[in-house]
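Listed here are the chains, written in short residue letters.
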Amino acid sequence: MNIYNDYLKQIENRKEQGLHPQPIDGAELLSKIIEQIKDIDNTEREESLNFFIYNVLPGTTSAAGVKAKFLKEIILGESVVKEITPAFAFEQLSHMKGGPSVEVLLDIALGTDADLAKSASDVLKTQVFLYEADTARLEEALKSGNSVAKDIIESYAKAEFFTKLPEIDEKIDVVTYVAGVGDISTDLLSPGGDAHSRSDRELHGQCMFEHNKDMQNELLALKKQYPDKRVMLIAEKGTMGVGSSRMSGVNNVALWTGVPFSKYVPFINFAPVIAGTNGIAPIFLTTVGVTGGIGLDLKNWVQQKDAEGNTVRDEDGEPILKETYSVATGTILTINTKEKKLYNGDKELKDISAAFTPQKMEFMKAGGSYAVVFGKKLQTFAAKALGVEAPQVYATSKEITIEGQGLTAVEKIFNKNAVGTSGAILHAGSYVRAEVNIVGSQDTTGLMTSQELEMMAATVISPIVDGAYQSGCHTASVWDDKSKANIPRLMSFMNDFGLITGRDPKGNYFPMTDVIHKVLNDITVGDWDIIIGGDSHTRMSKGVAFGADSGTVALALATGEASMPIPESVKVTFKGQMKAYMDFRDVVHATQSQMLKQFGGENVFQGRVIEVHIGTLTADEAFTFTDWTAEMKAKASICISEDDTLIESLEIAKGRIQIMIEKGMDNAKQVLKGLVDKAETRIIELKTGMKPSLRPDANAKYHAEVIIDLDEIVEPMIADPDVNNDDVSKRYTHDNIRPLSYYGGTKKVDLGFVGSCMVHKGDMKILAQMLKNVEAQYGKVEFKAPLIVAPPTYNIVDELKAEGDWEVLVRYSGFEFDDNAPKGEARTGYENMLYLERPGCNLCMGNQEKAAPGDTVMATSTRLFQGRVVKDSGEKKGESLLSSTPVVVLSTILGRTPTMAEYEAAVDGIVLTKFKPSTKQLVR
């Protein structure tokens, strides 16, 4: 076997797909390439040189280690390659972003050859991805009187690695490309079904616009027509990037429209320009910042007002929009980064200062947020080593303090976890570096996270992080060849890095495919915690959690920190009483519906933290609310609980973490045991009154306050994608909430899905009891549409087995998952029966199994975007209607939406929820 010949065969196969050679990350292949470079007469030498110079991934990949070692040999004269001079070798090292390259540079800089030391020092002064081992070497050399080390550290103290970078252009000319009308899901930019290819950036780039070649060619034509301008991707009459952070989506936009990061590292571009009439979804905007991109809120369509200032509405009661300026495809605009204005020629269109805060401009200058985060840490180290005050190079963190104003819950959490502040009490709008307690990585973005960690030269998890988890939930449905190739490699990397992993690389415990959000909800045992997770539904019912891109997750794992403005909050409280036949999912949907009604159609949740005074619901049930806040376009959410409720939630979490320990999932550092200990400490604090549960101050200020009237919720609520709305911009939004009676008991349902992160153990028990109710009512249970059931976690399955409910589900099912023989390929069709699927995301993710094209799906999940759960057919648009477990179950038994009478009969005697508004003061 010749690994190089295998690589050449792979290259030929990629040519057939219109692809270039895949970047090299393996030591064995690069060692063979170097062997051929050293052989002057080798027929593959010239090609090997090209691979070595232009096609090796940087950072801590094993290939990077081999490359750095060979470049060191060339610099020291131990190897001679006429095409790679020592000066060129230094240039190559300067693009390798840390890890082995920094180690080599330090070896030379601290060596005995003064000329080489000077050259190495010059390169080191441009590097920011240094870790404790690197800075420790420099500090030790400084203390021993090494002048080169002193020179390097002095440069770091001045942050010359940042100050000597070129400033961003004052004027950036763009040509517009409207990618869609209405909200644009990140699925358009990086479809879930292509998740397996995300770590192969060029291959994944082919899925841009859901493989729509016409759109891709239009984009290429614009670039060819306007080679001196950047393409700005736009969501017209909508928000760009709803649904998820999707780093792969930003990577794709950057690949098609951005700027190459390095001529020596292929397919890594930065600085995309993205816009939306209604801005950029909050978590997606964070991802844009990671790449040093620009995200604009255009507001080019506004609601019309009458003479009295009231919103003008059409016959359906919808606000009438007026176009204030055009951004039609092909429009030439100018972004003035100094004035922070958007122009069409000489005409000023919009103030865009929100896109050009001092911090965002630093990201743009540095080529992304990572370099800024590491740069600040490096400058702090250098100043401390020299015993000097670090000069003010980076923009001062914005600190907003309002005398006499109390703190919201999120303000309290950030004040507790903030680092590097003046010590003042900070309010919303302050820009904060904060320590992170819990980090989550999921399997379809995890490979990208591992690449990001390698490229930022990180090798071990930050000691600041209390716990981190790598899931296998997004590839749980089908254990196919793609999963077999990718997931074990991912689990091995993350396990070595210090995460608790769903799969054990050593095989000592059974592979777990639990939904990541559910695991994070259990291992978050602090109500003052900050959680970062590689998925938009990182929304915990304890602490405050932020969904993030794969890179921000990598940064949190490597540094234990995250940086962001403290968000504004919207306070949500409840009044009235729930009907006995209503599910808490209906409260969730009603919250969105009533909020929009109260604020004239304006979504006051967008980009803000929803502080929900849930009071009496334990973590499992409360998670249903926080999970949905991603669809409300909120940045995050916080549950305010009574002390006794929080204690109950922590006891549940403690028990589930203990089960993970008993399964053998803890690591050498006993991370899981540490979380159990932390939970026990918190319980004692709550019981003794030493430290009550997190609550806002009574005089805290909110952007808005919403009161949800439970008395108004008289029938189940359904989020409808409204796929046939004449106004394209109103399709596939989560704001269209309809009562069950809207459908008149006649809408055909082709498939039902109970699963995803929106359900908990209680939903499974409701399902079991409903099946018994239906059998008692009709004499048998007969499904007129398939019902797919995917419990979120194995813990839930085990608990259901212990309590007898799983046996009930099996009795009515036609399929039960078998972990000893997992499915090797996705289903292409379903029979009218109940399928008990393996725990995991299943249909909600859309990357492995889907409903049949054109189906109308009734689901408990969160995704109603076009093509996510179900694609369109030639005859009919696919629909993903979102509702409660009882509605889904009954819809599949009937093959249609139920009437209220049918619904009430089916849930008779079932306790759907015990939620009552708290009677206690949930403020301090």
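This paragraph deals with the overall build of the protein chain. Counting secondary structure elements, the protein chain contains 31 helices and 33 strands. Taking 29 Å as the expected radius of gyration for a compact globule of 924 residues, we find that the protein chain reaches 28 Å, a close match to that expectation. Structurally, the protein chain occupies a C-alpha span of about 90 × 70 × 65 Å along its principal axes. For the protein chain, the proportion of its 924 residues judged to be buried stands at 62%. Accessible surface for the protein chain amounts to roughly 34600 Å². Of this, 49% is attributable to carbon and sulfur atoms.

Below, the discussion takes up the sheet that holds strand β14 (residues 418-419). What the three strands build is an open sheet, ordered β14-β15-β21; its pairing is antiparallel. Among the strands making up the open sheet, the edge pair consists of β14 and β21 (561-565). Alignment of β14 against strand β15 (residues 431-435), held across two bridges, turns out to be antiparallel. Bridged to Ala418 within β15 is Ala434.

For the rest of this paragraph, the subject is helix α15 (residues 282-290). Counting buried positions over the nine residues of α15 gives seven, a clear majority of the element. Taken as a whole, α15 has its buried residues at Pro282, Ile283, Phe284, Thr287, Val288, Gly289 and Val290. Immediately beyond the C-terminal end of α15, within one or two residues, lies Gly292, with a positive phi of roughly 70°.

Unoccupied space between atoms shows up once a probe the size of one water molecule is rolled over them. Applying the stated criterion across every chain, the model contains 14 cavities of 30 Å³ or more. Looking at the largest cavity, its volume works out to about 210 Å³. Lining the largest cavity are 26 residues, with His474, Asp535, Met845, Arg863 and Arg868 sitting closest to its centre. Taken together, the residues of the lining of the largest cavity sort by class into seven nonpolar, 13 polar and six charged. Computed from the structure, the second largest cavity encloses a volume of approximately 110 Å³. For the second largest cavity, the lining is made up of 16 residues, of which Asp583, Arg585, Thr624, His760 and Asp763 are closest to its centre.

Before going further, it helps to spend a moment on the sheet that holds strand β11 (residues 332-336). Pairing is mixed in the open sheet, where seven strands are placed in the order β8-β7-β3-β1-β11-β12-β13. Pairing within the sheet leaves two strands with one partner each, and these edge strands are β8 (294-297) and β13 (347-351). Adjacent strand axes in the sheet meet at a mean angle of 30°, parallel and antiparallel pairs treated alike. In this fold helix α13 (residues 213-225) packs onto β1 (171-181) and β3 (230-236), with an angle of close to 165° to the strand it touches most, β1.

We now examine the environment of Ala328. The residue Ala328 is located in the loop between β10 (321-323) and β11 in this model. It is 9.1 Å that separates the C-alpha atoms of Ala328 and Ile234, two residues lying 94 residues apart in sequence. Among all residues touching Ala328, those that are not within four sequence positions of it are Thr176 and Val178.

Moving on, we get to the nonpolar core. With 128 residues, the main nonpolar core has Phe625 and Leu771 as its most contacted residues. Contacts of Phe625, omitting those with residues within four sequence positions, involve Val572, Phe574, Phe584, Val588, Thr591, Ile610, Val612, Ile614 and Met632. Among the nonpolar cores identified, the runner-up in size contains 114 residues, and Leu93, Val102, Met247 and Val553 belong to it.

We now examine the packing of helix α27 (residues 761-778) against helix α29 (residues 805-812). Their axes nearest at 9 Å, the elements α27 and α29 cross at an angle of 50°. Here α29 runs oblique to α27, going by the angle between their axes. The hand of the α27/α29 crossing is left-handed. In this structure, α27 uses Met764, Lys765, Leu767, Ala768, Leu771, Lys772 and Glu775 to contact α29, whose residues at the interface are Asp805, Val808, Leu809, Arg811 and Tyr812. Partitioning the contact of α27 with α29 into residue classes produces seven nonpolar, no polar and five charged.

A complete count under the given rule lists 22 aromatic pairs for this structure. Measuring from centroid to centroid gives 5.8 Å for Tyr177 and Phe209, while their planes differ by 45°, and the two rings are tilted. Placement of the pair is Tyr177 in strand β1 and Phe209 in the loop between α12 (201-205) and α13, with a sequence separation of 32 residues. Its relative accessible area of 2% is what places Tyr177 among the buried residues. When its relative accessible area of 2% is taken as the criterion, Phe209 is described as buried. Their ring planes at 85° and their centres at 5.1 Å tell us that Phe574 and Phe915 sit as a pair that is edge-to-face. Taken as a pair, Phe574 in strand β22 (residues 569-575) and Phe915 in the segment after α31 (900-906) lie far apart in primary sequence, 341 residues in all.

One non-glycine residue, Phe209, lies in positive phi territory at about 60°. Even without a glycine there, the phi angle at Phe267 is positive, about 70°. Within the fold, Phe267 resides in strand β6 (residues 265-270).

Right, let's get into the pattern of salt bridges. For the coordinates displayed, the defined rule picks out 54 salt bridges. Of the charged contacts in the structure, one is a salt bridge between Lys125 and Asp151, with a shortest N-O distance of 2.6 Å. Here the residue Lys125 occupies a position in the loop between α7 (114-124) and α8 (132-143), and Asp151 occupies one in helix α9 (residues 147-157), the gap between them amounting to 26 residues. By sharing partners, the salt bridges in this structure join Asp522, Asp620, Arg656, Lys761, Lys765, Glu799, Glu803 and Asp805 into a single network.

Note that strand β12 (residues 341-344) and β13 share four bridges and pair antiparallel. Following the sheet pairing, Lys341 is matched in β13 by Asp351. Here β12 folds back onto β13 in antiparallel fashion, the turn holding two residues, of which Gly345 has a positive phi close to 65°.

This part is about the packing of helix α4 (residues 62-75) against helix α5 (residues 86-94). Viewed as axis vectors pointing N to C, α4 and α5 meet at an angle of 155°, and their least axial separation amounts to 8 Å. With respect to α5, the axis of α4 lies roughly antiparallel. Crossing of α4 against α5: the hand is left-handed. Between α4 and α5, the residues in contact are Lys67, Ala68, Leu71, Ile74 and Ile75 and Pro86, Ala89, Phe90, Gln92 and Leu93, respectively.

Enumeration according to the criterion identifies zero disulfides in this entry. Not part of a disulfide, Cys207 finds its nearest cysteine sulfur in Cys844, a span of 18 Å. Its sulfur unpaired, Cys639 is 14 Å from the next cysteine sulfur, which belongs to Cys757.

Relative to the 26 Å expected for 18 residues at 1.5 Å per residue, helix α17 (residues 369-386) spans 26 Å between its end C-alpha atoms, a close match to the ideal helical length. Buried residues dominate α17, accounting for 13 of its 18 residues. Following α17 by one or two positions, Gly387 has its phi on the positive side, about 70°.

Within the secondary structure, His613 is located in strand β23 (residues 609-615). Residues His613 and Cys841 lie 228 residues apart in sequence; the distance between their C-alpha atoms is 28 Å. Discounting chain neighbours no more than four positions away, the residues touching His613 are Lys571, Val572, Thr573, Phe574, Ile640, Pro696, Tyr702, Leu922 and Val923. Of the polar contacts made by the side chain of His613, one reaches the side chain of Glu611; its length is 3.0 Å.

Let us look at the pairing of strand β16 (residues 438-441). Here β16 shows no split at all, with Ile438 and Gly440 on one side and Val439 and Ser441 on the other all buried. Pairing analysis gives four bridges linking β16 to strand β17 (residues 467-470), with the strands arranged parallel. Across the sheet, the residue bridging to Ser441 is Gln470, located in β17. Taken together, β16, helix α19 (residues 443-455) and β17 form a β-α-β motif whose crossover is right-handed. In this sheet, strand β19 (residues 530-533) lies alongside β16 in parallel orientation, the contact comprising three bridges.

As a further point, take the side chain of Thr913. Following the sequence through the fold, Thr913 ends up in the segment after α31. Residues within four places of Thr913 in sequence aside, it is in contact with Met578, Met582, Asp583, Phe584, Leu617 and Glu621.

About the thresholds
- Residues numbered from 1 in each chain as written.
- Predicted model: local features only at pLDDT ≥ 70, side-chain atom pairs only at ≥ 80, totals over all residues.
- Heavy atoms only, no water.
- Helix = DSSP H or I, 4+ residues; strand = E, 2+ residues; numbered from the N terminus.
- Rg over C-alpha atoms; globule rule 2.2 N^0.38 Å.
- Buried < 20%, exposed > 50% of the residue type's maximum accessible area, 1.4 Å probe, protein only.
- Areas by Shrake-Rupley, 256 points an atom, 1.4 Å probe, with all protein chains shown as cover.
- Pairing = 2+ DSSP bridges.
- 1 Å grid on protein atoms, 1.4 Å probe; cavity = no way out; pocket = protein on both sides within 12 Å on 5 of 7 lines; lining within 4 Å.
- Points joined across faces, edges and corners; volume = space filled by probe spheres on them.
- Nonpolar A, V, L, I, M, F, W, Y, C, P; charged D, E, K, R; others polar.
- Axes fitted to C-alpha atoms, helices over the stretch in contact; angles between N-to-C directions.
- Contact = heavy atoms within 4.5 Å.
- Core = buried A, V, L, I, M, F, W, Y, C linked by side-chain atoms within 4.5 Å.
- Parallel < 35°, antiparallel > 145°, perpendicular 65-115°, else oblique.
- Left-handed = near helix turned anticlockwise from the far one by under 90°.
- Phe/Tyr/Trp six-rings, centres within 6.5 Å; stacked < 30°, edge-to-face > 60°.
- Salt bridge = Lys/Arg side-chain N within 4 Å of Asp/Glu carboxyl O.
- Disulfide = S-S within 2.5 Å.
- Expected span 1.5 Å × (residues − 1).
- Polar contact = N/O pair within 3.5 Å; in protein donor to acceptor, adjacent residues only side chain to side chain.
- Right-handed = clockwise from strand over helix to strand, strands pointing away.

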